[in-house]
Amino acid sequence: MACTINEEDIKRVKAMGCLNNKGTDLFNIRVITVNGKITAEQAKVIAEAAEKYGTGEMVFTTRLTVEVKGVHYDNIESFRQYIARAGLETGGTGAKIRPIVSCKGTTCQYGLYDTYALSEKIHERFYKGYGDVKLPHKFKIATGGCPNNCVKPDLNDLGIVGQMVRAHDKELCKGCGKCQIELKCPMHAAKVVDGKIQIDENICNNCGRCIKFCPFHVNDGAVPGFKVYVGGRWGKKTAHGQALSKIFTSEEEVLDMVEKAILLFRDKGQAGERFADTIARIGFEETEKLLLSNELLERKEEILAD
């Protein structure tokens, strides 16, 4: 059966996260999970809605949303009302902030910060708070708990990676024949040289795996932090995000950095280009200068008013 829905209505519901199954009056509807974590009750409601209004099938997207298949155009609003009873909504499309992707760093043995808590704050402050802000293109954000990079933060427009910033006190080093720091370092960045521990800064990724293993407490004083990558992209054209030179040591700094990046993209970006293209056009040096200053936040009202 050919599609009978006009293009204007297809575009209208796409903005609500409802994607047309080409050639039909059926739609796949994206249910936002905030960061890939839902309750048993929410999962139950999504399943009920899929059976009641769709084909009964659900697929999981790379942005950690749940896509319910085969909902007829006439049932879209009923579907949305049904899942709203569990605090769920549809969306995740358009030239704006996309659903936040998070790894399970909160509970993972390698996680260096509470990824679910931070991603929920980003969801509320930017996915929801900037929901009506039109950008030059989509803007994807990922929160990764450690340098294992399971959610590929550096392939997102903005990616956050947990860090453990070392504070080695070499005066305490005894030059042990079997150095526990050296043995525990998965990057092989630590070595005892001339009786003292040495760390190759070009190799160390601040994973924190060596922290507090030294019996003489050489590296007990590490500080948790966040590395921020900007300008990553995956798709037809790929780009690895570039890390800002500063490692941030508070969530508030990171949240401000996310906001600055969004404001920069809106202010400097050209219609149809990704953030990676904007950065390439204005230069990473200028990008970092703007992101590490307060200029963009000071001009926030002006930038959002355009």
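Residues numbered from 1 in each chain as written. Predicted model: local features only at pLDDT ≥ 70, side-chain atom pairs only at ≥ 80, totals over all residues. Heavy atoms only, no water.

A. A look at the overall build of the protein chain. Looking only at helices and strands, the protein chain features ten helices and eleven strands. Projected onto its principal axes, the C-alpha coordinates of the protein chain cover approximately 80 × 45 × 30 Å. Every one of the 306 residues in the protein chain was classed for burial, and the buried ones make up 45%. Restricting to contacts in the protein chain with at least 6 residues of sequence separation, those with at least 24 account for 65%. For the protein chain, the accessible area works out to roughly 15500 Å², and carbon and sulfur atoms hold 50% of it. Between the averaged position of the 44 positive side-chain charges in the protein chain and that of its 41 negative side-chain charges there is a distance of 4 Å. (Helix = DSSP H or I, 4+ residues; strand = E, 2+ residues; numbered from the N terminus. Buried < 20%, exposed > 50% of the residue type's maximum accessible area, 1.4 Å probe, protein only. Contact = heavy atoms within 4.5 Å. Areas by Shrake-Rupley, 256 points an atom, 1.4 Å probe, with all protein chains shown as cover. Lys, Arg positive; Asp, Glu negative; His and termini not counted. Charge placed at Lys NZ, Arg CZ, Asp CG, Glu CD.)

B. Empty space enclosed by the protein, seen in detail. Applying the stated rule across the entire model yields two cavities of 30 Å³ or more. Counted as a void, the largest cavity has a volume near 110 Å³. Lining of the largest cavity is provided by 16 residues; of these, R166, C185, C204, C207 and C210 occupy positions nearest its centre. When the residues that make up the lining of the largest cavity are grouped by side-chain class, the tally is eleven nonpolar, three polar and two charged. (1 Å grid on protein atoms, 1.4 Å probe; cavity = no way out; pocket = protein on both sides within 12 Å on 5 of 7 lines; lining within 4 Å. Points joined across faces, edges and corners; volume = space filled by probe spheres on them. Nonpolar A, V, L, I, M, F, W, Y, C, P; charged D, E, K, R; others polar.)

C. Focus on the packing of aromatic side chains. This model, assessed by the stated rule, comprises eight aromatic pairs. Ring centres of Y53 and F79 lie 6.4 Å apart, and the angle between their planes is 80°; this geometry places the pair in the edge-to-face category. Pair noted here: Y53 is in helix α2 (residues 40–53) and F79 is in helix α3 (residues 76–84), with a separation of 26 residues, a long-range link. On the basis of relative accessibility, which here comes to 16%, the residue Y53 falls in the buried class. Judged by relative accessible area, F79 falls into the buried class, the value being 0%. (Phe/Tyr/Trp six-rings, centres within 6.5 Å; stacked < 30°, edge-to-face > 60°.)

D. Up close: the packing of helix α6 (residues 251–268) against helix α7 (residues 275–282). Following both chains from N to C, one finds α6 and α7 inclined at 70°, their axes separated by 10 Å at the closest point. Considering their axes alone, α6 and α7 lie roughly perpendicular with respect to each other. Contacts between α6 and α7 pair A261, L264, F265 and K268 from the former with F275, T278, R281 and I282 from the latter. Partitioned by chemical class, the residues of the contact of α6 with α7 number five nonpolar, one polar and two charged. (Axes fitted to C-alpha atoms, helices over the stretch in contact; angles between N-to-C directions. Parallel < 35°, antiparallel > 145°, perpendicular 65-115°, else oblique.)

E. Inspection of the sheet that holds strand β1 (residues 18–20) at higher detail. Read from one edge of the open sheet, four strands run β1-β2-β4-β3, paired in antiparallel fashion. The open sheet has two edge strands with one neighbour each: β1 and β3 (58–60). When the angles between neighbouring strand axes are averaged without regard to direction, this sheet yields 30°. In the sheet, β3 pairs with strand β4 (residues 66–72) via three bridges, with the strands oriented antiparallel. (Pairing = 2+ DSSP bridges.)

F. Seen up close, the sheet that holds strand β7 (residues 158–165). Taking strand neighbours across the sheet as the criterion, the five strands line up as β5-β6-β7-β10-β11 in an open arrangement whose pairing is mixed. The two strands at the open ends of the sheet, each matched to only one other strand, are β5 (101–102) and β11 (242–243).

G. Representation of α3 in the model. Along α3, the residues classified as buried are I76, F79, Y82 and I83. One side of α3 holds all its buried residues, which, seen down the axis, span an arc of 125°. Packing partners of the buried residues in α3 comprise α1 (7–14), β1, β2 (26–31), α2 and β4. (Arc of directions from axis to C-beta.)

H. Structural view of the packing of helix α4 (residues 115–128) against α6. For the pair α4 and α6, the least separation of the axes is 11 Å and the interaxial angle reads 40°. In terms of orientation, α4 and α6 fall into the oblique class. The handedness of the crossing between α4 and α6 comes out as right-handed. In this structure, α4 uses L118, K121, I122, R125 and F126 to contact α6, whose residues at the interface are E251, E252, V254, L255, D256, V258, E259 and I262. Class assignment of the residues belonging to the contact of α4 with α6 gives a composition of seven nonpolar, no polar and six charged. (Left-handed = near helix turned anticlockwise from the far one by under 90°.)

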